[in-house]
Amino acid sequence: MEERYHPKKIEEKWQRIWEEKNSFRVTEDPRLPKYYLLEMFPYPSGRIHMGHVRNYSIGDVVARYKKMRGFNVLHPMGWDAFGLPAENAAIERGVHPAKWTTENIAYMRDQLKQMGFSYDWDREVATCEPGYYRWNQWIFLKMYERGLAYKKMSSVNWCPSCETVLANEQVITREVTNIPLCWRCDTSVATKELEQWFFRITAYAEELLRDLDQLAGWPEKVLLMQRNWIGRSEGAEFDLPVEGRPDLKIRVFTTRPDTAFGMTYAVLAPDHPLVDRLVAGAGERAEVERFRSEVLKQSEQERTAEDRPKRGLRLSVQVVNPFNRAAIPLFIADYVLTTYGTGAIMAVPGEDQRDWDFAKAHGLDIIETVKRPPDWTGEAYTGDGIKINSGFLDGLTVAEAKRRAIDWLVERGLGEAKVNYRLRDWGISRQRYWGTPIPIIYCDSCGIVPVPEKDLPVTLPPDVPFTGKGGSPLREDELFLKVICPKCMGVARRETDTMDTFVDSSWYFLRYLSPKLDSAPFDPDKAGYWMAVDQYIGGVEHAVMHLLYARFFTKVVRDLGLTKVGEPFTNLLTQGMVCKETYRCEEHDWLFPEDLAGSEKEGWRCPRCDAPVRQGRVEKMSKSKKNIVDPEQLITYYGADTARLFALFAAPPEKDLEWSDQGVEGAYRFLTRLWRFVHQHRDVLVRARGDIEQGEVPPQFKELRRIIHRTIKRVTDDIEGRFHFNTAIAAIMELLNALGQVVRDGSEWKGEAPLVKGGLETIVTLLYPFVPHAASELWESLGHQTGLEEVRWPFYSPEALEEEQLLIVVQVDGRVRGKITVPADAGKDHIEAEALADPRVKSFLAGRAIQRVIQVPRKLVNIVLEGRTE
């Protein structure tokens, strides 16, 4: 073994050994407990980033640890390979998306292998391969058969830059501007009417909501986000007759039927189907069309934002409130959507702030139907109270009145109890090329015809023009577009929309179970062994997109009889972001440490104007902010193990990790120190034989043995379930310090070399999941023939953890004045006597009377003097 630590040489050696031995290849083994560990797979953008390093290092620690604990560990990797960036690259660079994606996958695969992650690469999948997306199409057809896939006209979110539809979950809103933006390119999103394909995820809304209660291993914030997104609301639906039009009734949904006596107007969504039947004359029709066109330029997020004015247009007709027979005005307004409830609302400004704002703007009546608290100074009141101005509901509580109002509607045949959800069906149509073709054919004679299963996959044509204009190039490819109808054998055309790429990632964890199977999307027997995923790791930004869709797909394939589980991920860890500190120059705005002149001690200065800079904010690493750190450079200079150790030690996984050059240096120095320690004493350690039991250990070494076993316990507890890798690594560092102290104390330690060797072997074994290359090399250097990937996790002895002596801190009036050592089984009286007898402590008592003595068992004694109040 060389004295110097050469990470590149070591890491290449052990990666080669693991690959030759197929160390991480796994098959089903009913004799072993299974553990399915999965990180969210990456988009093949071309290079891994520090977020990947952190995410996959977290997963690799757990995978290697669980294998050492005797689990049969499945740890696969693949590529979320469809998507707009590849198509945009084709437009900008003149390279086909398939070539761009394949080259990126090859490069990123090599980068991940350089990190030494314990993936079973035999299970690798790429969602852009026909062998994968064939099963997207197969699942689509099965859903179509069951009415879970359907097509309809819809107001959709349209990104003019990407020229494609976005699901509601893919529209984001910046806090500062409150403008809805495309999640991928940050372009302002508009509304557009298009015929689209949908998945009926709302058919599973109640189950998706209910089953959140099963997910005890998920972060509460994610569960809350999903509950809010599904948005279950109970209430009533009933009809508002149109005055003078006995043929027309407007169905409304409300969660507060108790407030119906306070209804002073009603509202339709501008695109509600009844609007055109209600307008009277060309003038009103023109006004309605103008208002509609203005509203359609806005996204749903803009229309429903709480802090923006509510715009409306009053129609010439009125509707009748069935509770009191009053005629009230009817409006169309931008804050009402056809996609929620019935697309029509009864407006009760006394108890709804949106309605209050609208009523104030249009000079409408406001009727209070709940008695306000005496100190109420607000506007609309949404709290509890006693009903007033509400006819037969007067005197009831809000809850009582809700039930009574619904009963009243049902008894008279005017309405019914109803449950609604905020969740909308998932629009999957995308007007782009690089995605799964939707397996549908359009025939003038037969209508919509699903592609027969025997004709799957419908593959993407390889030669199409990428101009960036006019939407999907599939529309221009005659060979793809024209097809024979499988029903009547007449001329027909294919669907040119492709599927949302979130379809690909909604079931990939199942494809890993049998990635080469060509008779089904996955083997049900293998799913019976491996599913559900025991631990899933990824970003919280996917809480209401990928995670919700994956839960939906899992329930669908369960109902298809392919699996028995209804939830895909038993436990979920959402890791924090990787961030970087910035500095502020008043003249040249935000700068990063590597941009600055000077040194940290002398004070950083702006390189452009030499002005001093002040510490600013911490920002997420991103290409757009040009603040990324290239992991490849880090690996080249320091090695993969240093990159892994820093990513795991700098912060707990769920917290944001702030980049630090000093932190990277510190990780490298620790590995170098460990390396040198083993090298310097290798001859003695390799010759050391035997295991010293507690009874044979000289007194001065019993504490070291206790520290070794305590470290095993601490690291095990920190990894198991809690994933506190930073404190686990800190405990290992403390053990190395303890071993170093033993060696520095004198040459006599060589007589106890087996214990020191045991301590080093413990360090190396515990470090293996974190820094597998360095640990494996050190293990071999200590004389072992078996690789660490085949070694079991060490166990601690409860007996060895027992302390013979305790170090007790002694305080006088709350201030530390001394420390005493007492037997571990010493009683309170003995400890108090020792504390009072300690010479240093006695000097602070100075003859003063003692009021009382307080003890914290096994830790502290506080002597409270007379005249002191504690």
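Just so it is clear, the structure is predicted and the values come from calculations on it, not from any experiment.

**Digging into the overall build of the protein**
So, point 1. Each helix and strand counted, the protein has 27 helices and 31 strands in total.
So, point 2. Its C-alpha atoms give the protein principal-axis dimensions of about 105 × 80 × 65 Å.
So, point 3. About 39,000 Å² of surface is accessible on the protein, with carbon and sulfur atoms providing 49% of the total.
So, point 4. With 117 positive and 128 negative side-chain charges, the protein shows a spacing of 0 Å between the two charge centroids.

**Some remarks on the environment of Tyr-204**
So, point 1. Structurally, the position occupied by Tyr-204 is in the loop between strand E7 (190-199) and helix H6 (205-210).
So, point 2. A relative accessible area of 9% means that Tyr-204 is categorised as buried.
So, point 3. Sequence-distant contacts of Tyr-204, defined by excluding residues within four places in its chain, comprise Leu-148, Phe-552, Lys-555, Val-556, Arg-558 and Asp-559.

**Concerning the packing of aromatic side chains**
So, point 1. Evaluated as defined, the whole model comprises 51 aromatic pairs.
So, point 2. Ring geometry for Tyr-56 versus Tyr-119: centroids 6.5 Å apart, planes at 80 degrees, classification edge-to-face. Highlighted residues: Tyr-56 in helix H2 (residues 50-68) and Tyr-119 in the loop between helix H4 (97-114) and helix H5 (130-145), separated in sequence by 63 residues.
So, point 3. Note on Tyr-56: relative accessible area 2%, which makes it buried.
So, point 4. According to the relative accessible area criterion, Tyr-119 is buried, its value standing at 3%.
So, point 5. Taking the centre distance of 6.0 Å and the plane angle of 80 degrees together, the rings of Phe-552 and Phe-553 count as edge-to-face. Taken individually, Phe-552 and Phe-553 each receive the classification buried, so the pair is uniform in this respect.

**A closer look at the sheet that holds strand E3 (residues 149-159)**
Remark on secondary structure: sheet strands pair via backbone hydrogen bonds, oriented parallel or antiparallel.
So, point 1. Pairing within the open sheet is antiparallel, and its four strands lie in the order E4-E3-E7-E15. Edge positions in the sheet fall to strand E4 (164-166) and strand E15 (426-427), since each has one partner strand and no second.
So, point 2. Pairing of E3 with E7 involves 10 bridges; the strand directions are antiparallel. Among the inter-strand pairings, Met-153 is bridged to a residue of E7, identified as Glu-195.

**Regarding the sheet that holds strand E2 (residues 72-74)**
So, point 1. With parallel pairing, four strands are arranged side by side in an open sheet as E2-E1-E22-E23. Either end of the sheet is taken by a strand with one partner, and the two such strands are E2 and strand E23 (569-574). Sheet twist, expressed as the mean angle between neighbouring strand axes with direction ignored, is 20 degrees.
So, point 2. Where strand E1 (residues 34-39) and strand E22 (residues 533-538) come together, three bridges link them in parallel fashion. Its bridge partner lying in E22, Leu-37 is registered against Gln-535.

**Points about the side chain of Thr-762**
So, point 1. By the secondary structure assignment, Thr-762 is in helix H23 (residues 753-767).
So, point 2. If near-sequence neighbours (up to four positions away) are discounted, Thr-762 is found in contact with Ile-708, Ile-712 and Leu-735.

**Structural notes on the pairing of E23**
So, point 1. Pairing of E22 with E23, which is carried by five bridges, proceeds in the parallel orientation. Within the sheet, the bridge partner assigned to Gly-538 lies in E23 and is Thr-574.
So, point 2. The parallel pair E22 and E23 is bridged by helix H16 (residues 546-559), and the resulting crossover is right-handed.

**Some remarks on H2**
So, point 1. The end-to-end C-alpha distance of H2 is 27 Å, a good match for the 27 Å that 19 residues give at a rise of 1.5 Å each.
So, point 2. H2 sits mainly inside the fold: 17 of its 19 residues count as buried.
So, point 3. Gly-70 sits one or two positions beyond H2 and adopts a positive phi of about 95 degrees.

**Considering unusual backbone geometry**
So, point 1. A cis geometry characterises the amide bond from Leu-456 onward to Pro-457, with omega recorded as 0 degrees.
So, point 2. Mapping Pro-457 onto the fold places it in the loop between strand E18 (447-450) and helix H13 (478-481).
So, point 3. For the bond from Met-531 to Ala-532, the omega torsion is 5 degrees, close enough to zero to count as cis.
So, point 4. Along the chain, Ala-532 turns up in the loop between helix H15 (524-530) and E22.

**Quick look at the pattern of salt bridges**
So, point 1. In the structure shown here, the tally under the stated rule is 55 salt bridges.
So, point 2. The partner of Arg-69 in a salt bridge is Glu-720, and the shortest N-O contact between them spans 3.8 Å. Placement of the pair is Arg-69 in the loop between H2 and E2 and Glu-720 in the loop between helix H21 (699-719) and helix H22 (725-744), with a sequence separation of 651 residues.
So, point 3. Taking the shortest distance from any N to any O, the salt bridge between Arg-354 and Asp-352 comes out at 3.9 Å.

**Observations regarding the confidence of the model for the protein**
If pLDDT is low for a region, its predicted coordinates should not be looked at in detail.
So, point 1. For the protein, the average pLDDT comes to 89, and 90% of its residues sit at 70 or higher.
So, point 2. Confidence drops under pLDDT 50 across residues 590-602; counting only partners more than four residues distant or on other chains, this segment forms 36 contacts.

**What to know about the packing of helix H1 (residues 7-21) against helix H24 (residues 772-781)**
So, point 1. Two elements in contact, H1 and H24, have axes whose closest approach is 9 Å; the angle formed by their N-to-C orientations is 85 degrees. Between H1 and H24, the crossing angle belongs to the class labelled roughly perpendicular. Where H1 approaches H24, its residues Ile-10, Glu-11, Lys-13, Trp-14, Gln-15 and Trp-18 are matched on the opposing element by Pro-772, His-773, Ala-774, Ser-776, Glu-777 and Glu-780.
So, point 2. Residue composition of the contact of H1 with H24, by class: five nonpolar, three polar and four charged.

**Digging into the side chain of Arg-372**
So, point 1. Examined against the element boundaries, Arg-372 turns out to sit in the loop between helix H11 (353-362) and helix H12 (398-411).
So, point 2. By relative accessible area, Arg-372 is classed as buried at 13%.
So, point 3. A polar atom in the side chain of Arg-372 sits 2.5 Å from the backbone oxygen of Gly-350.
So, point 4. Here the side chain of Arg-372 touches Glu-351 through a polar contact of 2.8 Å, side chain to side chain.

Calculation criteria
Within each chain, residue numbers correspond to sequence positions counted from 1 in written order. Given that this is a predicted model, residues contribute local features only at a pLDDT of at least 70 and side-chain atom pairs are listed and counted only at 80 or more, while totals for whole chains, interfaces and linings are drawn from all residues. For the side-chain quantities, the full set of heavy atoms in the structure was used; hydrogens and water were omitted. Secondary structure elements follow DSSP: runs of H or I of four or more residues count as helices, runs of E of two or more count as strands, with numbering from the N terminus. Each accessible area is a Shrake-Rupley result for a 1.4 Å probe, and residues are judged covered by the shown protein chains and nothing else. Positive charge is attributed to Lys and Arg, negative charge to Asp and Glu, and no charge count is given to His or to the chain ends. In plain terms, the charge of a residue is placed at NZ if it is Lys, CZ if Arg, CG if Asp and CD if Glu. Per-residue accessibility, obtained with a 1.4 Å probe over protein chains only, is compared with the maximum for each type, and a residue is labelled buried under 20%, exposed over 50%, and partly exposed between these values. Here a residue-residue contact requires only that any non-hydrogen atoms of the pair lie within 4.5 Å. Whether two aromatic rings pair depends on their centres lying within 6.5 Å, for rings of Phe, Tyr and Trp, where Trp uses its six-membered ring; planes under 30 degrees apart make the pair stacked, over 60 edge-to-face, and the rest tilted. The rule for pairing is simple: two strands pair if DSSP sees at least two bridges between them. Every axis corresponds to a line fitted to the C-alpha atoms, with the helix fit spanning only the stretch in contact, and the corresponding angles, defined between N-to-C directions, vary from 0 to 180 degrees. Call a crossover right-handed when, viewed with both strands pointing away from you, the route from the first strand across the helix to the second goes clockwise. A helix is expected to reach a length of 1.5 Å times the quantity of its residues less one. Should a side-chain nitrogen of Lys or Arg be within 4 Å of a carboxyl oxygen of Asp or Glu, the pair is scored as a salt bridge. pLDDT expresses how confident the predictor is about each individual residue, on a scale running from 0 to 100. Under this scheme an angle from 65 to 115 degrees is roughly perpendicular, one under 35 degrees roughly parallel, and one over 145 degrees roughly antiparallel; angles in between are oblique. Any residue that is not Ala, Val, Leu, Ile, Met, Phe, Trp, Tyr, Cys, Pro, Asp, Glu, Lys or Arg is counted as polar, Gly included; the first ten are nonpolar and the last four charged. What qualifies as a polar contact is a pair of N or O atoms within 3.5 Å, subject to a donor-acceptor requirement within protein and to the restriction that residues adjacent in sequence count only when both atoms come from side chains.

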